[in-house]
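Spelled out from the first residue to the last, the chains are:
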Amino acid sequence: MTIKEIARLAGVSTSTVSKIVNQKDNSISAETRERVLKIVKEYNYTPYASVASPSQKTWIIGIILRSSTSFDATLDGIVKEAQANGYNTLICSSSSHMDQELKNITAVCKNNVDGIIWEPVCAQSLSLASHIEKKGIPCFTVGPDGGPDAFRLPYEDLGYRLTQELIRLRHENIACLTQPGRRSDAFISGYRKCLFDNQIPFDETLIFSQVGEGLIDPMNTRQITGVISSHYQKALEFYQLMNALHYRIPEDFSLITLKNDKVQALAYPTISSYTVANGAYGSYLCQRLIARIEKKESVPEPFSQEFTLDTTATMGIPAHLKAPKITVVGSINMDTYLNVSRLPNTGKTVSTSTSSVYPGGKGINQAIGAAKLGHRVALIGNVGSDLESDYIYRTLNQYGVDTFGVKRRMNVHTGKAYIMVDPDGNSMISILAGANDTFTPADIQEKEHIFNNTGYCLIQSEVPLDTVFEACTTAHKFHAKTILKPSARSRIPKKTLAQVDIIIPNEDELGELCPGAATLKERADYLLECGVKAVIVTLGEHGCYVKTKTLEKKFPAALFASVDTTGASDAFISALASYLLYGYPLEKAVRIAVYAAGFCVTREGVVPSLIDRNSLETYIRQIESDLL
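Residues numbered from 1 in each chain as written. Predicted model: local features only at pLDDT ≥ 70, side-chain atom pairs only at ≥ 80, totals over all residues. Heavy atoms only, no water.

### Some thoughts on the UniProt feature "binding site: substrate" (unreviewed entry) in the protein
Under the local residue numbering, the UniProt record ascribes the feature "binding site: substrate" (unreviewed entry) to N333, M334, D335, G361, K362, G363, I364, N365, E462 and D570. Among the annotated residues just listed, those that line the largest pocket are N333, D335, G361, K362, N365, E462 and D570. Tracing the backbone through its elements, the reader meets G363 in helix α12 (residues 362-372). Among the residues examined, G363 registers a relative accessible area of 0% and is labelled buried. Ignoring sequence-local partners within four residues, the contact set of G363 consists of V328, G330, S331, L379 and Q460. Aside from chain neighbours lying at most four places away, what touches E462 is S331, K362, I431, N436, S487 and A488. Here S331 takes part through its side chain, which lies 2.5 Å from a polar atom of the side chain of E462. (UniProt positions renumbered as here; feature names shortened; annotations may be inferred. 1 Å grid on protein atoms, 1.4 Å probe; cavity = no way out; pocket = protein on both sides within 12 Å on 5 of 7 lines; lining within 4 Å. Helix = DSSP H or I, 4+ residues; strand = E, 2+ residues; numbered from the N terminus. Buried < 20%, exposed > 50% of the residue type's maximum accessible area, 1.4 Å probe, protein only. Contact = heavy atoms within 4.5 Å. Polar contact = N/O pair within 3.5 Å; in protein donor to acceptor, adjacent residues only side chain to side chain.)

Structure (structure tokens):
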């Protein structure tokens, strides 16, 4: 700031300013003296100040913010990085006013800072850069008004991506909730561009800056089915408003927001979010500035962050499109198949010439089976921290199975199954439980929201029994019916059986569950007395036996050449649940499930042999047209 600029601001001559600052102002009125001194102090004017920056380093970094209240954790990242490198910080807020901004610029320049990170108030603020340039101080601008070379976070891309997340779930009536600030214009631009790219008309009335009456009417009339928010606080306000109005998220409306990394430690409701690493971004800005101050040859790589949803807890398809889904709770393995000439027995050694590996476990098999038959499916279970878990995630995503209930356990291996198959398709299985043994009731409680809008919950007992019980009770809490496959267990507690709607053992499993009974009927009656609503016993090539309080019937098997019987029960269960959910009565659903199981035994490996809905129904129409 020069003496001429001070004189212009005060409305006096340069000689008057000179007299006042040099205390030779006897002839000048007190009013003029006070006005000039006020401006001199505000703009940090120093008489005869050198234009050039002093060679002496001050180890201070100046930070000029448009408004400190909205800078999130970025400022923390800058300060921590500066301190780690031996620098102090001088922080100024312009309160969104250019006159205060100029005062801040002159203040940091007067203190001979070594570098400046500057967030301009507006585009016109860049005209003030000359004051910094005269001092020769390295300076980076940040934010939307910092010019073409400014550093900025990709809020336009994030607005686009949040909108696309809801469009992927078939939302078309999407509102944008934001508030005045750094990110809003870019965020809205991304929202608008995404709508355009998906051929959805843009409606400016669906942009809201307040959570209140203006938002309630379109929510009540279903003009809005989903909301994206640029700020977590706004999303939280919306969440609380919907709760007060007795709406449910995501059953009635979907909600997705941006969240800065400071929010993670706070006890807020779970809201589907992209977490922006503001602290890391601030650290990066400071690293770049220090590299320039110290004239380092190596410059930090451009800042980048991979954005992924932390949860789908508040996201779903629009209410008018929703049909109940199938939720699967159970084991997740990598299956290794070994083809042998005969199954081994005591004292005998068998060799194999071929082997193959597939994702498996009854949880995966039943989830993919139901997904291929046309249902929305969510899987809940545990995998390890190994390469096999990555393969499993990719496979589940390939079939459209919701994997947000699949937890990766660190320092544990994914479960494994070793399956020997003889030429007749008979199999013998050994299981290494791995991460499946770490599957606890707490995992079910943590993923409780996944049970929302579940029609049938498929559960298997290859995971701990207390987790099976928790899954059954949670499913009933959300009004879902339960189907249990009692595998790998010699007993199931009666309190768990009382929570089972349909149990589907094979003959061996039935014998272990009911050791005192002799016939199929007696054993089935025992399970019905324990509270089970329906018992379906799979009998291999002899079909299945069904017993309820009002029905007792045997169903023949479908005639298919047997190559591998390993997944027959999983194919049966996923088809049974699928067609019950489609509204078929129990007897018809069982007959359809028998065909699905028949298809499954014709190929090696469970997942590759699971039948899709179109193929299954095309075949049934040719064989038994009245069934569908």
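Back to the write-up after that little detour.
### Some remarks on the pattern of salt bridges
Applying the stated criterion across every chain yields a total of 20 salt bridges. Across the pair D197 and K193 runs a salt bridge whose closest N-O atoms are separated by 3.2 Å. A residue pair is termed a helical-turn pair when its members lie 3 or 4 positions apart in one helix, as D197 and K193 do in helix α8 (residues 184-197) at four residues. On the accessibility criterion, K193 (42% relative accessible area) is partly exposed. Close ionic contact of D310 with K259 constitutes a salt bridge, the shortest N to O distance being 3.2 Å. Residue D310 is located in the loop between α11 (278-293) and β10 (325-329), and its partner K259 is located in strand β8 (residues 254-260); the two are separated by 51 residues in the primary sequence. By relative accessible area, which is 11% here, K259 ends up buried. Shared partners join several salt bridges into a network, and the residues in it are K407, R409, D443, E446 and K447. (Salt bridge = Lys/Arg side-chain N within 4 Å of Asp/Glu carboxyl O.)

### Description of helix α2 (residues 14-21)
When we look at burial in α2, the residues that qualify are T16, V17 and I20. Buried residues of α2, viewed axially, fall in a sector of 100°; they line one side. At the exit of α2 stands Q23, carrying a positive phi of roughly 60°. (Arc of directions from axis to C-beta.)

### Description of the packing of aromatic side chains
Under the criterion given, the structure shown has 14 aromatic pairs. Ring centres of Y191 and F202 lie 6.2 Å apart, and the angle between their planes is 70°; this geometry places the pair in the edge-to-face category. Of the two residues, Y191 is situated in helix α8 and F202 in the loop between α8 and β6 (207-208); the sequence distance between them amounts to 11 residues. Residue F202 is classed as partly exposed on the basis of its relative accessible area, which comes to 26%. Relative to Y619, the ring of F560 has its centre 5.5 Å away and its plane inclined at 40°; by these criteria the two rings are tilted. Within this pair, whereas F560 is found in the loop between β22 (552-555) and α19 (568-581), its partner Y619 is found in helix α22 (residues 613-623), the two being separated by 59 residues in sequence. Classification of F560 by relative accessible area gives partly exposed; the value is 22%. (Phe/Tyr/Trp six-rings, centres within 6.5 Å; stacked < 30°, edge-to-face > 60°.)

### Some thoughts on the UniProt feature "binding site: ATP" (unreviewed entry) in the protein
Feature annotation in UniProt places "binding site: ATP" (unreviewed entry) on N506, T538, L539, G540, E541, H542 and G543, given in this structure's numbering. On the basis of their most widely separated C-alpha atoms, the annotated residues across 38 residues gather in one place, lying no more than 11.7 Å apart. Lining of the largest pocket among the annotated residues: N506, T538, L539, G540, E541 and G543. Position of G540 relative to the elements: it lies in the loop between β20 (534-538) and β21 (544-547). The topology assignment puts G543 in the loop between β20 and β21. Ignoring anything within four residues of it in the chain, the contact list for G543 reads V537, T538, F555, P556 and A557.

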